[in-house]
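A look at the structure
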Amino acid sequence: MALLALTNDNLAFFKRSLRADLPAVGSSHLSEALAAALGSRTGITLATRTRENGAEMPPLATVDQAAFAARLADLGHRVATLPALDALARSPNLPDRIWAVFKDGDRPALDAWHGECQRRGIPYVYVRTGRQHARVDWDWITVNPAFDGVACDDDESKLVDRLVGAIRANAASSPKAKFDVTAFSGHVERLLLENAHAHRPTRSSSFSTTP
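**Examining the packing of helix H2 (residues 27–37) against helix H4 (residues 65–74)**
Contact pair H2 / H4: the axes reach a minimum separation of 7 Å and the direction vectors enclose 145°. Every pair of crossing elements has a handedness; the one defined by H2 and H4 is right-handed. On H4, the residues that touch His29, Leu30, Glu32, Ala33, Leu34, Ala36 and Ala37 of H2 are Ala67, Phe68, Arg71 and Leu72.

Given below as structure tokens:
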């Protein structure tokens, strides 16, 4: 499952895309189904959750395709083919991405993404792809220092243990994968290309490692 930063721009992007793909479903029902997909009971609850946390450190939500389909069915819509919500969350057109993907060696693009992360105060997380393998890097260097304590709200060693556990689980099908990780930075290399999306550590009020 993909992770989505709950910002007004991201929710608007999702709603526009869903309206285009599901023209027979009314706007209010799409809002309710999207809320369910993002772990909220109602569209109002989702809007309140987004507004209360602000734009600088928005909460993250796992995108649940099954919950989206179930809520649509509850509202009387049985759609044969639904849009892939994970694909929307990973779209390069998503306004407030929490990661970026580049070809190996594309230094200008990496520098531009670093500047974007610094402007938004989010972790510097990116995927570099080669011919057969990918590498995922993350670093808190671009995060507002006021949030430095978030990574240590538990205990740093416990947090690293959780990170390592998630990395090992996600890399199970990439036998040559290697990683180096601390609570604030790290990387996973020699991942199979199809596994790279499962290794994008980011931060919220509860640190998450499996977008």
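**Let's talk about helix H6 (residues 107–120)**
If you check H6, its first and last C-alpha atoms are 20 Å apart, about what 14 residues at 1.5 Å a residue would give, namely 20 Å. Looking only at H6, the buried set comprises Ala109, Leu110, Trp113, Cys117 and Arg120. Each buried residue of H6 lies within a common arc of 100° when the element is viewed along its axis, so the set occupies one face. The exposed residues of H6 that point more than 90 degrees off its buried face are Pro108 and Arg119. Phi turns positive, to about 70°, at Gly121, one or two residues after H6.

**Observations regarding the environment of Val25**
Positionally, Val25 belongs in the loop between helix H1 (8–21) and H2. When its relative accessible area of 8% is taken as the criterion, Val25 is described as buried. When the C-alpha atoms of Val25 and Gly76 are compared, they prove to be 9.5 Å apart, with 51 residues separating the residues in sequence. Leaving out residues up to four positions away in the same chain, Val25 has contacts with Leu30, Leu72 and His77.

**What about the packing of aromatic side chains?**
For the structure shown, the criterion picks out 3 aromatic pairs. When the ring of Trp140 is compared with that of Phe184, the centres are 5.6 Å apart and the planes differ by 75°; the resulting orientation is edge-to-face. With Trp140 in the loop between strand S5 (133–139) and helix H7 (156–170) and Phe184 in the loop between strand S6 (178–181) and strand S7 (185–192), the pair connects residues that are 44 residues apart, well separated along the chain. A residue is classified by how much of its surface remains accessible, and Trp140, at 6% relative accessible area, is buried. According to the relative accessible area criterion, Phe184 is partly exposed, its value standing at 28%.

**A word on the sheet that holds S7**
Reading across the sheet, the 5 strands line up as S3-S4-S5-S7-S6 and stay open at both edges, with mixed pairing between neighbours. Each edge of the open sheet is held by one strand with a lone partner, namely strand S3 (100–103) and S6. This sheet shows a mean twist of 15° between the axes of neighbouring strands, independent of strand direction. Bridge analysis of S3 against strand S4 (residues 124–129) gives 4 bridges, and the strand direction is parallel. Across the sheet, residue Lys103 finds its bridge partner in S4, namely Thr129. Against the sheet, H6 engages S3 and S4, with an angle of about 160° to S4.

Analysis parameters
Residues numbered from 1 in each chain as written. Predicted model: local features only at pLDDT ≥ 70, side-chain atom pairs only at ≥ 80, totals over all residues. Heavy atoms only, no water. Axes fitted to C-alpha atoms, helices over the stretch in contact; angles between N-to-C directions. Helix = DSSP H or I, 4+ residues; strand = E, 2+ residues; numbered from the N terminus. Left-handed = near helix turned anticlockwise from the far one by under 90°. Contact = heavy atoms within 4.5 Å. Expected span 1.5 Å × (residues − 1). Buried < 20%, exposed > 50% of the residue type's maximum accessible area, 1.4 Å probe, protein only. Arc of directions from axis to C-beta. Phe/Tyr/Trp six-rings, centres within 6.5 Å; stacked < 30°, edge-to-face > 60°. Pairing = 2+ DSSP bridges.

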